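Survey of secondary and tertiary structure
Residue-level listing of the chains:
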Amino acid sequence: IGQKLSLSIQVKEKINRIKKTFMIYVKMIRTDLKKDPAFFSEFNLAGKRDFSISGKIKEPKTFYQNCLDNEKIGNYVAKYGLSREKIDSLLAEIAETEKELEKRASMIKDAEQTTQQRNQVFRELSDWWINYRRILVHVFRDDPQQLEEFNITAYSEGYKPNKMKK
């Protein structure tokens, strides 16, 4: 659990850092290109933000890749300090985070399988105990006091307990 929790915290911090860096560039570009909506549309930044974990990685990844693939956009973002090297390092950080997300998902899946296996063993043990108890009650039906050794309360044949009055 400690390793999974530690990895989850690291991944969350990295995703937040990636998203924060991305949003700084988005806001600067959006502000700068208010008068040129046609060029701004080439950045594919318009529309609603995806706040899911995958969306927080997908949007920056698409943006940075677009900066590398489109020379006009690449030249424009260079004035904000987004050189090819900087974009490559940001994409590498995103790729590393994606790998850690996959590792985390695998760890969660393994933990869920372990929990399911544990629960199955408990169910089997419970079923065994219920059957064992039934057998004990049947075997000691003539001498129910013997059942007290097994912490089982049973009544002699013909005995009907009184209902408690309120």
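Just so you know, these numbers come straight off a predicted model, no measurement behind them.

1. Description of the overall build of the protein chain
When helices and strands are tallied, the protein chain shows five helices and zero strands. Listed N to C, the secondary structure of the protein chain is α-α-α-α-α in terms of helices and strands. By principal-axis analysis of the C-alpha atoms, the protein chain measures approximately 95 × 35 × 20 Å. Once local pairs closer than 6 in sequence are excluded, the contacts in the protein chain between residues at least 24 apart make up 58%. Of the side-chain charges in the protein chain, 32 are positive and 24 negative, and the distance between the mean point of each set is 7 Å.

2. Points about the environment of Arg-141
Turning to its location among the elements, Arg-141 is positioned in the segment after helix H5 (84-139). For Arg-141, a relative accessible area of 40% gives the class partly exposed.

3. Examining the confidence of the model for the protein chain
Confidence along the protein chain averages 84 in pLDDT terms, with 91% of residues attaining 70 or more. When mean pLDDT is taken per element in the protein chain, helix H4 (residues 71-78) scores highest with 90 and helix H2 (residues 37-41) scores lowest with 83.

4. Overview of the pattern of salt bridges
Under the definition given, this model contains seven salt bridges. A salt bridge links Lys-19 to Glu-59; its shortest N-O distance comes to 2.7 Å. Placement of Lys-19 in helix H1 (residues 2-32) and of Glu-59 in helix H3 (residues 53-69) is noted, with a sequence separation of 40 residues between them. Across the pair, exposure class does not vary: Lys-19 and Glu-59 are buried alike. Lys-72 is the partner of Glu-42 in a salt bridge, and the nearest nitrogen-oxygen pair spans 3.6 Å. Taken together, the residues Glu-42 in the loop between H2 and H3 and Lys-72 in helix H4 connect sequence positions 30 residues apart. We classify Glu-42 as partly exposed; its relative accessible area is 29%. Within this structure, Lys-14, Glu-96 and Glu-100 form a network of salt bridges that share partners.

5. Quick word on H5
Helix length check: H5, at 56 residues, gives a terminal C-alpha distance of 82 Å against a target of 82 Å (1.5 Å per residue), a fit within 8%. Those residues of H5 not exposed but buried are Ile-87, Leu-90, Leu-91, Ile-94, Thr-97, Glu-100, Leu-101, Met-107 and Leu-136.

6. Concerning a nonpolar patch on the surface
On the surface, Phe-122, Leu-125, Trp-128, Trp-129, Tyr-132 and Phe-150 cluster together into a nonpolar patch covering about 610 Å² of accessible area. Note on Trp-129: relative accessible area 35%, which makes it partly exposed.

7. Here's the deal with the nonpolar core
Counting residues in each nonpolar core, the largest one holds 30 residues, and the members touching the most others are Ile-29, Phe-43, Phe-63, Tyr-64, Val-77, Leu-82 and Ile-87. Taken together, the elements giving at least two residues each to this core come down to H1, H2, H3, H4 and H5. Counting residues per element, this core draws most heavily on H1, which supplies nine residues.

8. Observations concerning H1
An ideal rise of 1.5 Å per residue puts 45 Å on 31 residues; H1 measures up with 45 Å between its terminal C-alpha atoms. Turning to H1, its buried residues are Leu-7, Ser-8, Val-11, Lys-14, Ile-15, Ile-18, Lys-19, Phe-22, Met-23, Tyr-25, Val-26 and Ile-29. Lining the buried residues of H1 we find H2, H3, H4 and H5.

9. Here we look at the side chain of Lys-19
You can call Lys-19 buried: its relative accessible area is 9%. Excluding anything up to four places from it in sequence, Lys-19 contacts Arg-49, Asp-50, Lys-56 and Glu-59.

Thresholds, definitions, all that
- Residues numbered from 1 in each chain as written.
- Predicted model: local features only at pLDDT ≥ 70, side-chain atom pairs only at ≥ 80, totals over all residues.
- Heavy atoms only, no water.
- Helix = DSSP H or I, 4+ residues; strand = E, 2+ residues; numbered from the N terminus.
- Contact = heavy atoms within 4.5 Å.
- Lys, Arg positive; Asp, Glu negative; His and termini not counted.
- Charge placed at Lys NZ, Arg CZ, Asp CG, Glu CD.
- Buried < 20%, exposed > 50% of the residue type's maximum accessible area, 1.4 Å probe, protein only.
- pLDDT = per-residue confidence, 0-100.
- Salt bridge = Lys/Arg side-chain N within 4 Å of Asp/Glu carboxyl O.
- Expected span 1.5 Å × (residues − 1).
- Patch = residues over 30% accessible without salt bridge, like charges linked within 9 Å, V, L, I, M, F, W, Y side chains within 5 Å.
- Areas by Shrake-Rupley, 256 points an atom, 1.4 Å probe, with all protein chains shown as cover.
- Core = buried A, V, L, I, M, F, W, Y, C linked by side-chain atoms within 4.5 Å.

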